[in-house]
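What the coordinates show
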Amino acid sequence: MSVQARAAAVIVAAGSGTRFGDGAKVLARIGGQPLISWVLQAIEESLAVRESILVTGAHTDAVIRQLIADGPWSKPVTLVPGAQSRQRSVAAGVAAVPQDLSIVLVHDAARPMVMSGDFDRCADAASASGAAIVAIPVPDTLKRVENGWITSTVPRAGLWAAQTPQGFDRVRLTEACAIARAEDREFTDEASIFEYLGWPVAIVQGSQTNLKITHSEDLALAEALLSARCATLKRVPNDA
């Protein structure tokens with residue numbers, strides 16, 4: 001892969017994780033490390049990402065600050081306090097991105113299985129088109145339900161499930177965040193703001209393994225995927 005983009009990664013780790021249960025979700029462990037550590041490792045291996053902006057909450061800041069201080073990270077990591085909503089937390093992170101980095105990659109810390117190539121491909125696509133997100137085609141039959149009863153089947157042709165990272169031209173993303181705040185509108189992700197403004201967003205093929213940890217039982221699946229990935233990587237040198 002020939003990576004041309006110079007990017008910063010804004011990692012959102014400020015959420016309360018109310019659906020997860022007790023404890024800070026991004027500090028839950030798989031493979032003996034907190035979720036956020038696996039994200040930072042992927043960034044370490046990324047060719048496009050030059051530095052990270054970690055948006056933390058009051059409940060995660062101290063532990064993450066110590067984790068950064070003690071970790072083996074060679075790329076700069078800046079910590080920024082989060083806000084009351086994800087959208088405003090992202091805006092705070094974007095405001096801290098150095099102006100010499102033209103692409104911003106927004107990533108949820110709760111997606112620990114992200115690969116360095118996801119960041120690189122998303123950064124290059126965003127550099128070429130102004131905005132791009134990692135996503136996968138919806139594989140399941142979708143049902144619309146009301147009061148516990150199926151009302152219709154939703155055709156899945158053309159439907160994609162959005163993931164992160166989501167990459168954007170830094171200047172345009174800054175403008176989009178400002179417009180959303182000025183209009184007092186809340187969006188589920190940054191791509192939705194671009195859609196609202198009529199700005200095009202490209203799709204980068206993602207992977208089913210780039211799952212988001214939402215509930216505590218998701219950790220077992222992530223652990224299994226991580227074990228399989230590590231076993232594959234260990235086999236490669238022996239098979240070569």
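In the block above lies the structure referred to throughout.
The notes below deal with the structure included here. (Residues numbered from 1 in each chain as written. Predicted model: local features only at pLDDT ≥ 70, side-chain atom pairs only at ≥ 80, totals over all residues. Heavy atoms only, no water.)

1. Some points on the packing of aromatic side chains
By the definition in use, this model includes 3 aromatic pairs. Pairing Phe187 with Tyr196 gives two aromatic rings, centres 5.4 Å apart and planes at 50 degrees, and the pair type is tilted. Assessed through its relative accessible area of 18%, Phe187 is described here as buried. Given a relative accessible area of 38%, Tyr196 falls into the partly exposed group. Taken together, a centroid distance of 5.1 Å and an interplanar angle of 85 degrees make the contact between Phe194 and Trp199 edge-to-face. Assigned by exposure class, Phe194 and Trp199 land together as buried. Connected via pairs of aromatic rings, a cluster forms that spans Phe168, Phe194 and Trp199. The ring of Trp199 carries the charged tip of Arg172 above its face, separated from the ring centre by 4.1 Å. (Phe/Tyr/Trp six-rings, centres within 6.5 Å; stacked < 30°, edge-to-face > 60°. Buried < 20%, exposed > 50% of the residue type's maximum accessible area, 1.4 Å probe, protein only. Lys NZ or Arg CZ within 6 Å of the ring centre and 35° of its normal.)

2. Digging into the state of the cysteines
Considering all chains together, one arrives at 0 disulfides under this definition. Here Cys122 stays unpaired: no disulfide links it, and the sulfur of Cys177, its closest cysteine neighbor, is 15 Å away. (Disulfide = S-S within 2.5 Å.)

3. A look at empty space enclosed by the protein
Taken as a whole, this structure holds 1 cavity of 30 Å³ or more when the rule is applied. The calculated volume of the largest cavity comes to roughly 40 Å³. If you trace the largest cavity, you find it lined by Leu40, Ile43, Glu44, Ser52, Trp73, Lys75, Pro76 and Val77. Looking at which element gives the most residues to the lining of the largest cavity, the answer is helix α1 (residues 35–45), with 3 residues. Each residue belonging to the lining of the largest cavity can be placed in one class, and the counts come to 5 nonpolar, 1 polar and 2 charged. (1 Å grid on protein atoms, 1.4 Å probe; cavity = no way out; pocket = protein on both sides within 12 Å on 5 of 7 lines; lining within 4 Å. Points joined across faces, edges and corners; volume = space filled by probe spheres on them. Helix = DSSP H or I, 4+ residues; strand = E, 2+ residues; numbered from the N terminus. Nonpolar A, V, L, I, M, F, W, Y, C, P; charged D, E, K, R; others polar.)

4. Brief notes about the pattern of salt bridges
Across all of its chains, the model carries 7 salt bridges by this definition. Between Asp61 and Arg65 there is a salt bridge, with its nearest N and O atoms 3.1 Å apart. Note that Asp61 and Arg65 are positioned in helix α2 (residues 61–70) at a spacing of 4 residues, about one turn of the helix. Arg65 sits in the partly exposed class, given a relative accessible area of 45%. For the salt bridge of Glu183 with Arg185, the shortest nitrogen-to-oxygen distance reads 3.2 Å. According to the relative accessible area criterion, Glu183 is partly exposed, its value standing at 39%. Taken together, the shared-partner salt bridges connect Arg86, Asp108, Glu190 and Lys212 into one network. (Salt bridge = Lys/Arg side-chain N within 4 Å of Asp/Glu carboxyl O.)

Function-wise, these values are silent; they only describe arrangement.
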